[in-house]
Amino acid sequence: MTLVRAKKHLGQHFLTDKNIAAKIVDSLKPEGRFTQVLEVGPGMGVLSDFLLQKEAYQTSLIDIDTESYEFLKKIYPQLGQRLINADFLELDFKSIFSDNFAIIGNFPYNISSQILFKVLDNRQQVVEVVGMFQKEVAERCAAKAGSKEYGILSVFLQAYYKVEYLFTVKAGVFNPPPKVLSAVIRLSRNDKQTLDCDEKLFWQIVKAGFNQRRKTLRNAISSLINKEKLADEPMLDLRAERLTVDDFVKLTNAVAASR
């Protein structure tokens, strides 16, 4: 059978190490929280082989690459409609999954942030994510307040998920090898259905704060606040990177109350 060619424009780097593939799949923790898993970008099925052996959940595969889709259709004829040839970023999850589900994948690095924001947009359904990312992106996702890696993605993800940096992966286990190190992280949905604040305002404050991260919040989010009423708010004298998720929630409430 003809192997699938890795395509640069799709950011494809196929994992070739089966031990690492098994380790990634074993990082999924269903524990009664989900019975469906969606693998993104299965390529030639190195993760899929292990996923389809699991009895705790049912696996579906999605790949935008028609060549991969045709290859996988021959290997896994039993999947039927659970093998999807489509763009993950355009997928309507509710049309496929009626309940909670998990996402797993060796994700294309060129759209990794878009994938994570897609997860956030569907956080009420996506209860777990286990994925391979560029190491720098993985570190940003898991970064704590006060570190230079901590940013918009860190805050948004950690508002709704427990983020765990699991392990680092060297370039040599991919074909073709990427020019960067990779890492696997796990996102586990927390129990917050909504934040204890105006979520739209929360997102605005976080984005504005980090878009000018060298400024204090008083200056970085000046267009969003009543400066006179919040003159004595101590958090506004800090930079965005110093605030935890809970701090941002408190600040959002203070800003909302001053309007």
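Here the structure is a predicted model, which is why all the values come from computation and not from measurement. (Residues numbered from 1 in each chain as written. Predicted model: local features only at pLDDT ≥ 70, side-chain atom pairs only at ≥ 80, totals over all residues. Heavy atoms only, no water.)

### Thoughts on the sheet that holds strand 9 (residues 182-189)
The condition is simple: Strand pairing is defined by DSSP finding a minimum of two bridges between the two strands. We count a stretch as a helix when DSSP gives it H or I for four or more residues in a row; a strand needs E for two or more, and each element gets its number in order from the N terminus. Should any heavy atoms of two residues lie within 4.5 Å, those residues are counted as being in contact. A fitted line through C-alpha atoms represents every axis, and for helices the fit uses only the stretch in contact; the resulting angles, taken between N-to-C directions, go from 0 to 180 degrees.
Taken together, the seven strands give an open sheet; going across it, the order is 4-3-2-5-6-9-7, and neighbouring strands pair in mixed fashion. Of all the strands in the sheet, the pair left with one neighbour each is strand 4 (83-84) and strand 7 (161-169). Across eight bridges, strand 7 lies against strand 9 in antiparallel orientation. Across the sheet, residue V163 finds its bridge partner in strand 9, namely L187. Across the sheet, helix 1 (residues 18-26) touches strand 5 (101-106), strand 6 (126-134), strand 7 and strand 9, and the angle it forms with strand 7 is around 170 degrees.

### Considerations on the packing of helix 6 (residues 152-160) against helix 7 (residues 199-211)
Heads up, the rule is: Between 65 and 115 degrees an angle is taken as roughly perpendicular, under 35 as roughly parallel, over 145 as roughly antiparallel, and anywhere else as oblique. Each helix crossing is assigned a hand: it is left-handed if the near helix lies turned anticlockwise from the far helix by less than a right angle, otherwise right-handed if that turn is clockwise. Residues were grouped as follows: Ala, Val, Leu, Ile, Met, Phe, Trp, Tyr, Cys and Pro as nonpolar; Asp, Glu, Lys and Arg as charged; and all remaining residues, including Gly, as polar.
The N-to-C vectors of helix 6 and helix 7 enclose an angle of 150 degrees; their axes lie 9 Å apart at closest approach. The pairing of helix 6 with helix 7 is recorded here as roughly antiparallel in orientation. For the element pair helix 6 and helix 7, the recorded crossing hand is right-handed. In this structure, helix 6 contributes I152, V155, F156, A159 and Y160 to the contact, and helix 7 contributes E199, F202, W203, V206, K207, F210 and N211. Its residues placed into classes, the contact of helix 6 with helix 7 shows nine nonpolar, one polar and two charged.

### Things to note about the layout of surface pockets
Selection rule: Within this scheme a cavity is a closed region of a 1 Å grid, computed over the protein atoms alone, that accommodates a 1.4 Å probe without allowing it to escape, whereas a pocket is open but has protein on both sides within 12 Å along at least five of seven lines; lining residues each have an atom within 4 Å of a point. Grid points are joined across faces, edges and corners, and a volume is the space filled by probe spheres set on the points.
Counted as a void, the largest pocket has a volume near 580 Å³. Along the walls of the largest pocket sit 33 residues, with Q12, F14, G41, G43 and N106 positioned nearest its centre. Those elements that place two or more of their residues in the lining of the largest pocket are strand 1 (14-15), strand 2 (36-40) and helix 2 (46-51). With three residues, the single largest contributor to the lining of the largest pocket is helix 2.

### Regarding the packing of helix 4 (residues 112-121) against helix 6
For the pair helix 4 and helix 6, the least separation of the axes is 11 Å and the interaxial angle reads 30 degrees. When the axis of helix 4 is compared with that of helix 6, the two are roughly parallel. Viewed along their axes, helix 4 and helix 6 form a crossing whose handedness is left-handed. On helix 6, the residues that touch S113, L116, F117 and L120 of helix 4 are I152, L153, F156, L157 and Y160. In the contact of helix 4 with helix 6, the residues fall into eight nonpolar, one polar and no charged.

### So, the UniProt feature "domain: Ribosomal RNA adenine methylase transferase N-terminal" (unreviewed entry) in the chain
As a reminder, the rule being used: UniProt positions are given in the numbering used here, feature names are shortened, and annotations may be inferred rather than shown by experiment.
Sequence positions flagged by UniProt for "domain: Ribosomal RNA adenine methylase transferase N-terminal" (unreviewed entry) are, in local numbering, residues 20-191. Structurally, residues 20-191 is divided into 29% helix and 27% strand, and its ends, taken at the C-alpha atoms, are 30 Å apart.

### Here we look at the nonpolar core
Using the following cut-off: Remark: nonpolar core denotes a set of buried residues (Ala, Val, Leu, Ile, Met, Phe, Trp, Tyr, Cys) joined through side-chain atoms within 4.5 Å. Burial classes follow relative accessibility: with a 1.4 Å probe on protein chains only, a residue under 20% of its type's maximum area counts as buried, one over 50% as exposed, and anything between as partly exposed. Domain start and end points were adopted from an automatic or database domain assignment.
With 59 residues, the main nonpolar core has I103, F202, I221, F248 and L251 as its most contacted residues. The element contributing the most residues to this core is helix 7, with seven residues. A domain-level breakdown of this core finds at least three residues from each of domain 1 (8-189) and domain 2 (199-258). With residues near it in sequence (within four places) discarded, I103 still touches L38, V40, F88, F93, V119, V126, E128, V129 and V130. In this structure, F34, L47, L51 and Y57 belong to the second largest nonpolar core, which totals 23 residues.

### Side note on the UniProt feature "binding site: S-adenosyl-L-methionine" (unreviewed entry) in the chain
Per the UniProt entry, the sites bearing "binding site: S-adenosyl-L-methionine" (unreviewed entry) are H13, L15, G41, D63, D87 and N106 in this numbering. Residues from the named set that contribute to the lining of the largest pocket are H13, L15, G41, D63, D87 and N106. Mapped onto the elements, L15 comes out in strand 1. Residue class for L15 comes out buried when judged on its relative accessible area of 6%. Setting aside residues no more than four positions away along its own chain, L15 makes contact with I20, A21, I24, V46, L47, N106, M132, V173 and F174.

### Let's talk about the pairing of strand 2
Rules: Handedness of a crossover is defined as follows: orient the strands so they point away from the viewer, and if the path from the first strand over the helix to the second runs clockwise, the crossover is right-handed.
For strand 2, the buried fraction is high: four of the five residues fall into the buried class. Considered for its hand, the β-α-β crossover made up of strand 2, helix 2 and strand 3 (residues 58-62) is right-handed.

### Description of helix 9 (residues 245-257)
To keep it simple, the criterion reads: Residue count minus one, scaled by 1.5 Å, sets the expected span of a helix.
Spanning 13 residues, helix 9 covers 19 Å between terminal C-alpha atoms, matching the ideal 18 Å at 1.5 Å per step. Along helix 9, the residues classified as buried are V245, F248, V249, L251, T252, A254 and V255. In this fold, the buried residues of helix 9 make contact with helix 6, helix 7 and helix 8 (217-220).

### Structural notes on the domain arrangement of the chain
Note the following rule: Two parts placed together each lose some accessible area; with a 1.4 Å probe, that loss summed over both constitutes the buried area.
Looking at the assigned domains, one finds that the chain contains domain 1 (8-189) and domain 2 (199-258). Between the C-alpha centres of domain 1 and domain 2 there is a distance of 33 Å. Taken residue by residue, the interface counts 15 residues in domain 1 and 15 residues in domain 2. For the pair domain 1 and domain 2, the summed buried area comes to about 1200 Å², and 69% of that belongs to carbon and sulfur atoms.

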